[in-house]
Amino acid sequence: MQIDLKGKTAVVTASTAGIGFAIAEGLARAGAHVVVNGRSDASVQSALDKLRDAVPDASLGGVAADLSDAAGVARVTQHTPDADILVNNAGIYGLKPFFDIDDAEWEHYFQVNVMSGVRLARHYLKGMIERNAGRIVFISSESGLNIPVDMIHYGFTKTAQLSIARGLAKLAAGTRVTVNSVLPGPTMSEGVREMLKAQADETGRSIDDIAVEFVRSERASSIIQRPATTEEVANLVVYVCSPQASATTGAALRVDGGVVDTIA
Ligand code: NAD
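Note that this is a predicted model, so its numbers are computed, not measured. Here the residue index of a chain counts from 1 through its sequence in written order. Local features in this predicted model are restricted to residues whose pLDDT is 70 or higher, and side-chain atom pairs enter the listing and the counts only when it is 80 or higher, whereas totals over whole chains, interfaces and linings include all residues. Side-chain metrics rest on all non-hydrogen atoms present in the structure, leaving aside hydrogens and water.

### Regarding the packing of aromatic side chains
For Phe, Tyr and Trp, where Trp contributes only its six-membered ring, two rings pair if their centres lie within 6.5 Å, and the inter-plane angle classes them as stacked under 30 degrees, edge-to-face over 60, or tilted in between. In this structure the tally under the stated criterion is five aromatic pairs. Between the aromatic rings of F110 and F156, the centroid separation amounts to 6.3 Å while the plane-to-plane angle is 25 degrees, which identifies the pairing as stacked. Remark: F156 occurs in helix α5 (residues 152-171) and F110 occurs in helix α4 (residues 103-131); sequence separation between them is 46 residues. Given a relative accessible area of 27%, F110 falls into the partly exposed group. Buried residues are those whose accessible area, probed at 1.4 Å on protein chains only, stays under 20% of the maximum for their type, while exposed residues exceed 50% and partly exposed ones sit between those limits. According to the relative accessible area criterion, F156 is partly exposed, its value standing at 36%. Feature note: the residues F98, F99, W106, F110 and F156 constitute an aromatic cluster, connected by ring pairs. Looking at K50, its charged tip hangs above the ring of F21, at a distance of 4.7 Å from the centre. A run of H or I in DSSP becomes a helix once it reaches four residues, and a run of E becomes a strand once it reaches two; helices and strands are each numbered from the N terminus. Criterion for a charge above a ring: Lys NZ or Arg CZ within 6 Å of the ring centre, and within 35 degrees of the ring normal.

Here you go:
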């Protein structure tokens with residue numbers, strides 16, 4: 001199968017690092033014009049430089065915008081008024097006991113993880129339906145199904161994305177627009193590396209060792225028994241964004257190494 005996205009414009013949120021960067025790279029390799037987003041001009045510029053090194057003939061754009069409010073989302077839609085592919089990847093996470101999460105933090109998680117995708121889909125989906133073509137992907141998480149007790153606020157936002165993606169897929173019924181969610185499991189992104197760094201510094205062990213041990217002890221149902229790479233997650237997303245994935249919509253697609261212990 002050859003995935004060819006030439007002539008398509010893809011907006012990938014929070015794509016200066018981690019899973020988002022790998023998705024941007026995968027879409028660029030497939031020939032899409034990719035719009036990269038991060039919170040600062042410097043991070044966007046450095047991601048664009050890295051992408052140009054990796055994919056010399058890539059067609060790229062970039063927009064610095066913090067997606068935690070409507071104004072940030074508006075910066076993206078003003079920069080790129082129409083898109084053929086929208087990947088809602090922006091998402092924050094962190095371990096926190098339920099009793100320590102105040103209202104402001106709940107609201108912040110909701111704005112970044114849920115409302116950024118809602119606002120962007122509200123903008124781009126209309127044009128996709130009119131053109132009878134388009135792809136929207138929400139990057140949810142296995143934590144939207146297996147709610148981690150030390151990240152209930154995060155799990156809640158990831159479940160919300162599943163519901164929104166399913167609803168939007170039904171809204172586009174009968175068209176050639178698909179809307180899906182992709183559920184990664186533990187994945188070695190910059191954010192996860194940062195989360196595990198303190199433990200690595202304390203114990204003198206490598207972050208990669210700690211990550212494998214985390215999967216084996218805290219996500220013991222993992223079948224691959226290791227974290228995924230960002231590229232492994234991006235591969236599924238690029239496929240879902242391809243013309244070949246035209247009969248996959250309204251689905252919650254797992255790239256979690258088998259962590260969620262169900263067959264379907
Ligand atoms: P990461 O922290 O490694 O990368 C985050 C990127 O997000 C950076 O480029 C950062 O600049 C950008 N960003 C953060 N807040 C932003 C904001 N308000 N506006 C714009 N950009 C912002 O993240 P990751 O681990 O690659 O996670 C990406 C997505 O994948 C998230 O939605 C996360 O919930 C999901 N996910 C990650 C894992 C994992 O183990 N890494 C597992 C399941 C799901």
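### Quick look at the sheet that holds strand β6 (residues 177-184)
At least two DSSP bridges between two strands are required for those strands to pair. The seven strands are arranged β3-β2-β1-β4-β5-β6-β7 in an open sheet whose pairing can be described as parallel. A single partner strand is all that each edge strand has here, and the edge strands are β3 (59-64) and β7 (252-255). Pairwise comparison of adjacent strand axes, ignoring direction, gives a mean angle of 20 degrees for this sheet. Sheet topology places strand β5 (residues 134-139) next to β6; six bridges connect them, and they run parallel. Its bridge partner being in β6, F138 is matched across the sheet by S181. What makes two residues a contact is simply this: any of their non-hydrogen atoms within 4.5 Å. Axes here mean lines fitted to C-alpha atoms, for a helix over just the part in contact, with angles spanning 0 to 180 degrees between N-to-C directions. Against the sheet, α4 engages β1 (9-12), β4 (85-88), β5 and β6, with an angle of about 165 degrees to β4.

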